[in-house]
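If you want the building blocks of each chain, they are given just below.
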Amino acid sequence: MKTNLITLLFVFAVINTFGQTPVASKTTNTNNKTLPPSEQVTNKVVSALKKVPLDEASILIYDYDGALFSYDLESEQIGWTVKATSPFTEMCANKVTISNGVVYIPFINGEIVAVDNQSGDVFWKSRLGNITDQIVLKDQVPVVNNGKLYITAQNQNGSSNIYALDTKDGSLAWTYKLDTPTNDIPVLFFNNKVFVPSSTNLYVFDANTGKVLSQKSFDQSMHSKPVTDGENVFIANEKDVLFALTPDKLDILWQFKLPEDQYNIKERIFTKDKKLYFAAQGTTVSSVYAVDSKTGTQIWKRDFQNDNVEYITEDSDNIWGYTKKGRLFQLDINNGEIAFELKPTTQPISNIEFPVDDTIFYYCDAGLIKFDLSTKDEDLYYMRTSIKDDVYTAFLKIIR
């Protein structure tokens, strides 16, 4: 009996040990020597990083051929252009970030470059992985905060990592190998923590050290950009459920379930004034929602019949967006009423940017469009020199 009791206690101890979330056993790497060559970070400093005044007459265009350039809106001339140094980068797969006048540019082949927004002069270059075992950066936004740049990447060997780079020189601050290889969602920096979705998992890292503070697993892949209202964190799965989570322990506060025929919020989500706004696609109806971030109660919903909402953003208490069939729309953020709807002759493939006058900018397959909201005129402000049939996407950012 004594032997059986000891055995039983041992079994319970094993279950207790191995049944826990394996956070404590994982290692955050802070040194390239502990990484395989396919995951290491190499960096080259060209000039000392410095704060740069903003060239507010220009707009950054990440063209769909993989080149990023600065375009002067007054002279209508290209100021400077930056491209990746190695091949297989003929695609705009990411977005750029400006911080203190420095533009941080991720390329799909794993290169990250920091440049002067006025001149395009390079401060430093980094590469995640190497040319032989290329790391892929896709659908990423460099998150820059407290002297670090945070970004997730996929390796061709099937692994996936989050990297934190020192913004002074692009060197590795820390990295962590995620449990699942699939990761093409931007991270969230909030309250000195980094929130990273990776397949069915959501991680919380200490932003300074890379220590795993919390990890939660879900039944479905978490396939939306995590956002915060300054108090809690919100993220949706790839199917039909949006979750409100506490930022420390990732406890579920509430869930919002979409109708059966809707799904795929992905990056169509943002918060403002303790409200959550998001767009879901569907088989017959696509909808834009407004939800109370405290309770998960629906405030309003705007339906789009037989068309999918591809993109939404907010400007001056209005929600702007466009659909897969090219319908450009403006909604009143307070009630979801349609203030403007039109199908222009050009199909948007980028985000929408808002200059100070009554116009908007977006990119189409032919180039940069300046759309006059009062006259409904479409001005091809910049015409591309070549056209690609397999257009993926493009990205714009007015410097300000």
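Residues numbered from 1 in each chain as written. Predicted model: local features only at pLDDT ≥ 70, side-chain atom pairs only at ≥ 80, totals over all residues. Heavy atoms only, no water.

The subject of this paragraph is the pairing of strand S20 (residues 241-245). Within S20, 5 of the 5 residues are buried, which leaves it mostly tucked inside the rest of the structure. Of the two faces of S20, the one carrying Val241, Phe243 and Leu245 and the one carrying Leu242 and Ala244 are both buried. Across 4 bridges, the pairing between strand S19 (residues 233-236) and S20 is antiparallel. Looking at S20, one finds that Val233 is bridged to Leu245. Connecting S19 to the antiparallel partner S20 that follows it, the hairpin turn spans 4 residues. Note that S20 and strand S21 (residues 252-257) share 5 bridges and pair antiparallel. Directly across from Leu245, in S21, lies its bridge partner Ile252. (Buried < 20%, exposed > 50% of the residue type's maximum accessible area, 1.4 Å probe, protein only. Helix = DSSP H or I, 4+ residues; strand = E, 2+ residues; numbered from the N terminus. Pairing = 2+ DSSP bridges.)

In this structure, Thr346 sits in the loop between strand S30 (338-342) and strand S31 (359-364). Looking at Thr346, its side chain comes within polar contact range of the side chain of Glu378, at 2.8 Å. (Polar contact = N/O pair within 3.5 Å; in protein donor to acceptor, adjacent residues only side chain to side chain.)

The next subject is the sheet that holds strand S1 (residues 41-45). Either a parallel or an antiparallel arrangement is found when strands of a sheet pair, and the pairing is made through backbone hydrogen bonds. Read from one edge of the open sheet, 5 strands run S1-S8-S7-S6-S5, paired in antiparallel fashion. Either end of the sheet is taken by a strand with one partner, and the two such strands are S1 and strand S5 (97-99). Averaged over all adjacent pairs, the angle separating strand axes in this sheet is 15°, with direction ignored. Across 5 bridges, the pairing between strand S6 (residues 102-106) and strand S7 (residues 111-116) is antiparallel. Note that in S7 the partner of Val103 across the bridge is Val115. (Axes fitted to C-alpha atoms, helices over the stretch in contact; angles between N-to-C directions.)

On to the pattern of salt bridges, then. Scanning the model with the defined rule gives 18 salt bridges in all. A salt bridge links Lys177 to Glu39; the shortest N-O distance between them is 2.2 Å. Of this pair, Lys177 sits in strand S13 (residues 172-177) while Glu39 sits in the loop between helix H1 (2-18) and S1, and the two are 138 residues apart along the sequence. Here Lys177 falls in the partly exposed class, since its relative accessible area comes to 34%. Put simply, Lys272 and Asp317 hold a salt bridge, and the shortest N to O gap is 2.7 Å. With a gap of 45 residues between them, Lys272 in strand S23 (residues 269-272) and Asp317 in the loop between strand S27 (309-315) and strand S28 (318-323) connect regions that are remote in the sequence. Residue class for Asp317 comes out partly exposed when judged on its relative accessible area of 39%. Residues joined in a network through salt bridges with shared partners are Asp63, Asp65 and Arg384. (Salt bridge = Lys/Arg side-chain N within 4 Å of Asp/Glu carboxyl O.)

On to the UniProt feature "domain: Pyrrolo-quinoline quinone repeat" (unreviewed entry) in the chain. Residues given the UniProt feature "domain: Pyrrolo-quinoline quinone repeat" (unreviewed entry) here are residues 47-156, 160-262 and 279-347. The distance separating the terminal C-alpha atoms of residues 279-347 is 19 Å; by composition the span is 0% helix and 62% strand. (UniProt positions renumbered as here; feature names shortened; annotations may be inferred.)

Okay, the nonpolar core next. Counting residues in hydrophobic clusters, the biggest one holds 18 residues, and the most contacted among them are Ile112, Leu128, Ile151, Tyr163 and Leu165. Elements supplying a minimum of two residues to this core: S6, S7, strand S8 (122-128), strand S11 (148-155) and strand S12 (160-166). Judged by nonpolar contacts, the second largest core, of 17 residues, contains Leu60, Cys92, Val122 and Phe395. (Core = buried A, V, L, I, M, F, W, Y, C linked by side-chain atoms within 4.5 Å.)

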